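Next come the chains, spelled out residue by residue.
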Amino acid sequence: MTTVGILGGGQLARMLALSGAPLGLRFLVMDNTEDACAGQFVPQLVADYRDQAALAEFATRVDVATFDFENVPAESAQWLAERVPVFPSPRALAVAQDRLAEKTLFRELGIPVPAFAAVDSRAGLDAAIAAVGTPCILKTRRLGYDGKGQFRLKTAGDAETAWAALGAQARAHGLILEAFVPFQRELSVVAVRGRDGEFRAWPLTENWHDHGILSASLAPASADPALQAAALEQARKVAEALDYVGVFALELFLCDGTLLANEMAPRVHNSGHWTIEGAETSQFQNHLRAVLGLPLGATRPLGSSCMLNWIGELPDASAVLAEPCGHWHDYGKSPRQGRKVGHATFRADGAGELAGALDRAAAALGRQAQVAPVLARLRGA
Ligand code: ATP
Ligand code: MG
Ligand code: MG
């Protein structure tokens, strides 16, 4: 019996565990919150990631370890990797945890990125604004997620307010200033690389955000084959450069026909949740196969899928369940503003069928605004 250890016990760990059950796997999650949503299904060590004694116990109880949380301290990941196989590697994790390191890597690999500059001080912010131009976004290098730890500057005159908001983070986590990209679309590649180097990617996914949090995903994205191929090639380059093992996502902006890389997530990704119902093999199952050194499953899509995130609180499930192609995912979390508490995926054989189901469910839920950009895309706008 193989036990997979997961650092982080959120919904990603929960969906990993659900997808690993048919493989006969056992799981142990480590998370410092008592009510971690994966802990409702699988054994949980309630402990901080820096707790050496807990990490030691975790290491003795698992055969292989992975993450549902990208901000596990690099030292904890390294300490664990000296005792048990850890995938992705602590080095890959370290690069992906730092926006400056990941953008520098992308640039070295010839992957276009928005203009960026490191910021370490108030004077450094002025110099970075002069170099990058406005509008721009100041971000913490580490620990940001769901758009947290970011400040948008319209003009150089916003520097003082931006520094007041994020300057305190400069010493602890470092800051990066990025050019604001007036993108037409946001896309992501979710990909997997096995222990033997085999690489597979799911089709390009289009994503829409609301206040910095993913709101809806549509896959396969409508994109010409050359763009698809370019995006997948970028993901392959990143995976190979990091000798990456497991699933990761590369977030891209499409701006005037050019793909610009925003960031990578060194784990299964929200924009890949549609693969549970909408692909031959889900991102969760393939992540487990990769970290265990098993053959990877096919990533081909089964028709078209749209995933809608439920942020803050769950709507009424019945409108989704009433659709034959609607699938409901409740993470078992208590409601809280800005928190991802569940999602729904609609999967259909054709765009017309998918649009019809989305239209009906959104009307019943009063969620027309959330699905409007998806419907516009499906209807060819
Ligand atoms: P995630 O939850 O995806 O990890 P995050 O907090 O790491 O989010 P980003 O992905 O960098 O942050 O930013 C969140 C969103 O803000 C992006 O998906 C995009 O919509 C917008 N955004 C970020 N950077 C830029 C940029 N340089 N230009 C334009 N929009 C941006
Ligand atoms: Mg991120
Ligand atoms: Mg992002």
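Source: prediction; values computed, not measured. (Residues numbered from 1 in each chain as written. Chains lettered and ligands numbered in written order. Predicted model: local features only at pLDDT ≥ 70, side-chain atom pairs only at ≥ 80, totals over all residues.)

**Here we look at the domain arrangement of the chain**
Here comes step 1: With domains assigned, the chain is organised as domain 1 (3-86), domain 2 (115-179) and domain 3 (185-378).
Here comes step 2: Distance between the C-alpha centres of domain 1 and domain 2: 33 Å. (Domains from an automatic or database assignment.)

**Looking at the nonpolar core**
Taken as a class, soluble globular proteins show a tendency for nonpolar side chains to be buried jointly.
Here comes step 1: Among the nonpolar cores identified, the biggest contains 109 residues, and Ile6, Leu16, Val29, Leu177, Val189, Cys306 and Leu358 are the most heavily contacted of them.
Here comes step 2: With residues up to four places along the chain from it excluded, the contact list for valine 189 reads Ala201, Leu204, Ala231, Leu232, Ala235, Ala249 and Leu250. (Core = buried A, V, L, I, M, F, W, Y, C linked by C-beta atoms within 7 Å. Buried ≥ 20, exposed ≤ 12 C-beta atoms within 10 Å, placed from the backbone. Contact = placed C-beta atoms within 7 Å.)

**Some remarks on the site of ligand 1**
Here comes step 1: Taken together, the neighbourhood of ligand 1 is formed by 17 residues, with Gly144, Gly147, Glu178, Val181 and His209 sitting nearest.
Here comes step 2: A total of three residues in the shell around ligand 1 trace back to one element, the largest contributor, which is strand S14 (residues 258-265).
Here comes step 3: For the shell around ligand 1, the two domains that each supply at least three residues are domain 2 (115-179) and domain 3 (185-378). (Near = placed C-beta within 6 Å. Helix = DSSP H or I, 4+ residues; strand = E, 2+ residues; numbered from the N terminus.)

**A look at the sheet that holds strand S5 (residues 116-119)**
Paired through their backbone hydrogen bonds, the strands of a sheet run either parallel or antiparallel.
Here comes step 1: Taken together, the four strands give an open sheet; going across it, the order is S5-S8-S6-S7, and neighbouring strands pair in antiparallel fashion. Each edge of the open sheet carries a strand with a single partner, namely S5 and strand S7 (150-153). Across the sheet, the mean angle separating the axes of adjacent strands is 20° when strand polarity is ignored.
Here comes step 2: In terms of strand pairing, strand S6 (residues 136-140) meets S7 through four bridges, oriented antiparallel. Considered in S7, the bridge of lysine 139 is made with glutamine 150.
Here comes step 3: Contacts between helix H6 (residues 122-132) and the sheet are confined to S5, S6 and strand S8 (175-179), with S5 contributing the most and set at about 175° to the helix. (Pairing = 2+ DSSP bridges. Axes fitted to C-alpha atoms, helices over the stretch in contact; angles between N-to-C directions.)

**Observations concerning the packing of helix H12 (residues 351-365) against helix H13 (residues 368-378)**
Here comes step 1: At a minimum axis separation of 10 Å, H12 and H13 run at an interaxial angle of 165°. It follows that H12 is roughly antiparallel to H13 by the angle criterion. Remark: the crossing between H12 and H13 carries left-handed chirality. Two secondary-structure elements touch here, H12 through Ala351, Leu354, Ala355, Leu358, Asp359, Ala362 and Ala363 and H13 through Gln368, Gln370, Val371, Val374, Leu375 and Leu378.
Here comes step 2: Of the residues assigned to the contact of H12 with H13, the class counts are ten nonpolar, two polar and one charged. (Parallel < 35°, antiparallel > 145°, perpendicular 65-115°, else oblique. Left-handed = near helix turned anticlockwise from the far one by under 90°. Nonpolar A, V, L, I, M, F, W, Y, C, P; charged D, E, K, R; others polar.)

**A word on the confidence of the model for the chain**
Here comes step 1: The predicted model of the chain has a mean per-residue pLDDT of 96, with 100% of residues at 70 or higher.
Here comes step 2: Taken together, the chains of this predicted complex give a pTM of 0.96 and an interface ipTM of 0.98. (pLDDT = per-residue confidence, 0-100.)

**Looking at unusual backbone geometry**
Here comes step 1: The amide bond that connects threonine 134 to the next residue, proline 135, takes the cis arrangement and shows omega of -5°.
Here comes step 2: Its location among the elements puts proline 135 in the loop between H6 and S6.
Here comes step 3: Of note, the bond from alanine 219 into proline 220 is cis; its omega dihedral lies within 30 degrees of zero at -10°.
Here comes step 4: Structurally, proline 220 can be placed in the loop between strand S12 (213-219) and helix H8 (225-241).
Here comes step 5: One non-glycine residue, leucine 143, adopts positive backbone phi at about 70°.
Here comes step 6: As for its placement among the helices and strands, leucine 143 is situated in the loop between S6 and S7.
Here comes step 7: Positive phi values are uncommon outside glycine, yet aspartate 256 reaches one of about 50°.
Here comes step 8: One can find aspartate 256 in the loop between strand S13 (246-255) and S14.
Here comes step 9: Overall, aspartate 256 belongs to the exposed group, with 9 C-beta atoms counted inside 10 Å.

**Description of the environment of glutamine 337**
Here comes step 1: Mapped onto the elements of the fold, glutamine 337 is located in the loop between strand S16 (326-330) and strand S17 (340-348).
Here comes step 2: As for glutamine 337 and arginine 83, which are separated by 254 residues in sequence, their C-alpha atoms are 39 Å apart.

**What about the UniProt feature "domain: ATP-grasp" (unreviewed entry) in the chain?**
Here comes step 1: With numbering matched to this structure, UniProt assigns "domain: ATP-grasp" (unreviewed entry) to residues 103-292.
Here comes step 2: For residues 103-292, the end-to-end C-alpha separation is 29 Å, with 33% helix and 32% strand making up the annotated structure. (UniProt positions renumbered as here; feature names shortened; annotations may be inferred.)

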